[in-house]
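In case you want the letters, here they are:
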Amino acid sequence: MASWIETPPSTSGRRTPEELEIEWNSNPVSGLEYVLVTGGLGFIGSHTCLELAKSHYNVLIVDNLSNSSVDVLRRIKALYQSETGKEVEIPFFQADYRNTFVMNTLLSQYNITSVIHFAAYKAVAESISLPLSYYSNNVSGFVDFLTLLDQKGCKQMIYSSSATVYGCKGSGDRIEESAIRSGVECVGLTNPYGRSKWMCEAILSDVCTASTEWNVTALRYFNPVGAHPSGLLGEDPLGIPNNLMPVVCRVLKGESPTLSVFGRDYATIDGTGVRDFIHVVDLARGHVAALKASMSIASPGKSASYRVLNLGSGKGYSVLEIVAEMERISGRTIPLRYVARRSGDVGSVIANPALANLRLGWKTEYGLKEICEDTWRYLKNTMED
Ligand code: UD1
């Protein structure tokens, strides 16, 4: 494993320790094309790296481990081996994707032909108290990264966006991509995290308008949940979580006495919020499908472009439905406390995934049962650790 502190390269002609570290640790195989995955050891990133490797992509991971651990890399490799019977080489560099020295060096040493960009802050409440930190990491760091990729001629990207960009348009019918066109309008975004995702979509759309050499797919995730069926990879947020499933898990672990249900007067099946919960393995496979489709679009004779796709199941479940299924599978009770609506929430957010189904030949395979079973398996493993 390589690691750096953020130090610029030496101008004296002598190698800095950071430069030497890269030389010692990087071992690109000549002739191979790599997919660079930033934030590749996080919840969605780790599942995506495993699926990419299983689909024969050469993966290179950059992650600063701010919300993950290097043990995840070991688990990805172990799962690859148990599922394929073979070993896999996944170069990993512990670095912040904003470290242009490191990224520049990697882009020079490895033949990186595409990037899947996950590295970002993602906690809604935190973004309200630390807006500059969110805009700095998610937006200005991203602009610098795109500038570097542009200079290096690496212009194919899958961008990790979110259904949060639909803001208050999310409520009601199954939502189509055209409801919010990147950079055109911004309706009812209630927090800096959501705005940072919206801004990055707008930037990517502008970059693709300026140059058809760029080829970008922005994937708008709905509510990623679940875990790898092995129970070895899953969501392990640092600090106190805000999203439903991690909070449910805290209650099941006994770390929190009750689940606060935010609102029971929405126009939904039981009055509680309804979301399109997508199994993380389905989501990971959506990335592989998007990369595959993107590469075929980029082939000679076809014009490259910018596109946006929903990754969701098209089916919604309420908070109470999630609670009931988690109780059934775990055999434990989840005590509830009904409280007021959470500010900024909408009643129902469900994807219309037809475009992704059509363009990527992809659709979700797992439902609520698998989501809850796999979450519980992972949770039990973390409780035993
Ligand atoms: C949230 C974020 C969104 C982000 C998404 C990622 C907000 C306002 N939005 O969306 O920007 O992209 O997560 O998955 O935070 N709930 C409870 N009790 C809880 C937690 C949640 O009742 O302790 C309810 C919520 O009111 C909502 C549903 O569960 O109805 C889902 O909430 P959550 O998991 O936070 O996701 P989103 O609100 O959809």
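That block above? That's the structure.
Reference entry: report on the structure contained in this document.

What counts and what doesn't
- Residues numbered from 1 in each chain as written.
- Predicted model: local features only at pLDDT ≥ 70, side-chain atom pairs only at ≥ 80, totals over all residues.
- Heavy atoms only, no water.
- Core = buried A, V, L, I, M, F, W, Y, C linked by side-chain atoms within 4.5 Å.
- Buried < 20%, exposed > 50% of the residue type's maximum accessible area, 1.4 Å probe, protein only.
- Helix = DSSP H or I, 4+ residues; strand = E, 2+ residues; numbered from the N terminus.
- Contact = heavy atoms within 4.5 Å.
- Near = heavy atom within 4 Å.
- Nonpolar A, V, L, I, M, F, W, Y, C, P; charged D, E, K, R; others polar.
- Pairing = 2+ DSSP bridges.
- Right-handed = clockwise from strand over helix to strand, strands pointing away.
- Disulfide = S-S within 2.5 Å.
- Phe/Tyr/Trp six-rings, centres within 6.5 Å; stacked < 30°, edge-to-face > 60°.
- Lys NZ or Arg CZ within 6 Å of the ring centre and 35° of its normal.

### What to know about the nonpolar core
Then, number 1: By size, the foremost hydrophobic cluster in this structure holds 40 residues, and its most contacted members are Val37, Leu52, Ile61, Ile76, Leu311 and Leu360.
Then, number 2: Secondary structure elements with two or more residues in this core: β2 (34-38), α2 (43-54), β3 (58-63), α3 (71-84), β7 (215-221), α9 (280-297), β12 (306-311) and α11 (354-360).
Then, number 3: Examining the composition of this core, we find that eight residues originate from one element, α9, more than from any other.
Then, number 4: Beyond its immediate chain neighbours, meaning those up to four positions away, Val37 contacts Cys49, Leu52, Val59, Leu60, Ile61, Val62, Ile116 and Phe118.
Then, number 5: With 33 residues, the next largest nonpolar core counts Ala95, Val115, Leu204 and Cys208 among its residues.

### Focus: the site of the ligand
Then, number 1: Around the ligand, the surrounding shell holds 19 residues, and the nearest of these are Leu244, Ser260, Arg275, Arg342 and Asp345.
Then, number 2: For the shell around the ligand, the elements supplying multiple residues, two or more each, are β8 (223-225), α8 (244-253) and β9 (259-262).
Then, number 3: The leading source of residues in the shell around the ligand is β9, at four residues.
Then, number 4: A per-class count over the shell around the ligand returns nine nonpolar, seven polar and three charged.

### Looking at the pairing of β3
Then, number 1: For β3, the tally of buried residues reaches five of six residues, placing the bulk of the element in the interior.
Then, number 2: Bridge count for β2 against β3 is five bridges, and the pairing is parallel. Considered in β3, the bridge of Val37 is made with Ile61.
Then, number 3: The handedness of the β2 to β3 crossover, carried by α2, is right-handed.
Then, number 4: As paired strands, β3 and strand β4 (residues 92-94) are joined by three bridges and run parallel to one another. Within β4, the residue paired with Asp63 across the bridge is Gln94.
Then, number 5: Remark: the β3/α3/β4 crossover connection has right-handed handedness.

### Some remarks on unusual backbone geometry
Then, number 1: Unusually for a residue other than glycine, His56 sits at a positive phi of about 70 degrees.
Then, number 2: With respect to the helices, strands and loops of the structure, His56 is situated in the loop between α2 and β3.
Then, number 3: Unlike most non-glycine residues, Leu65 shows phi in positive territory, near 60 degrees.
Then, number 4: Along the chain, the position of Leu65 falls in the loop between β3 and α3.

### So, the state of the cysteines
Then, number 1: Evaluation of the coordinates by the stated rule reveals zero disulfides.
Then, number 2: With no disulfide of its own, Cys200 lies closest to Cys186 among cysteine sulfurs, the gap being 13 Å.
Then, number 3: Residue classification places Cys200 among the buried residues on the basis of a relative accessible area of 0%.
Then, number 4: The thiol of Cys208 is not disulfide-bonded; the next cysteine sulfur, from Cys154, is found 13 Å away.

### Concerning the packing of aromatic side chains
Then, number 1: Scanning all chains against the criterion turns up six aromatic pairs.
Then, number 2: Measuring from centroid to centroid gives 5.4 Å for Tyr97 and Phe145, while their planes differ by 80 degrees, and the two rings are edge-to-face. A residue pair is termed long-range when its members are at least 10 positions apart, and Tyr97 in the loop between β4 and α4 (100-109) and Phe145 in helix α6 (residues 131-152) qualify at 48 residues.
Then, number 3: Overall, the relative accessible area of 2% leaves Phe145 in the buried class.
Then, number 4: An angle of 35 degrees between the planes, with centres 6.1 Å apart, marks the rings of Tyr166 and Phe222 as tilted. Here Tyr166 is found in the loop between β6 (156-162) and α7 (192-210), whereas its partner Phe222 is found in the loop between β7 and β8, with 56 residues between them in sequence.
Then, number 5: A residue is classified by how much of its surface remains accessible, and Phe222, at 4% relative accessible area, is buried.
Then, number 6: Among the aromatic residues, ring-to-ring pairing joins Tyr34, Phe93 and Tyr110 into one connected group.
Then, number 7: The side chain of Arg264 reaches across the aromatic face of Tyr338, ending 3.7 Å from its centre.

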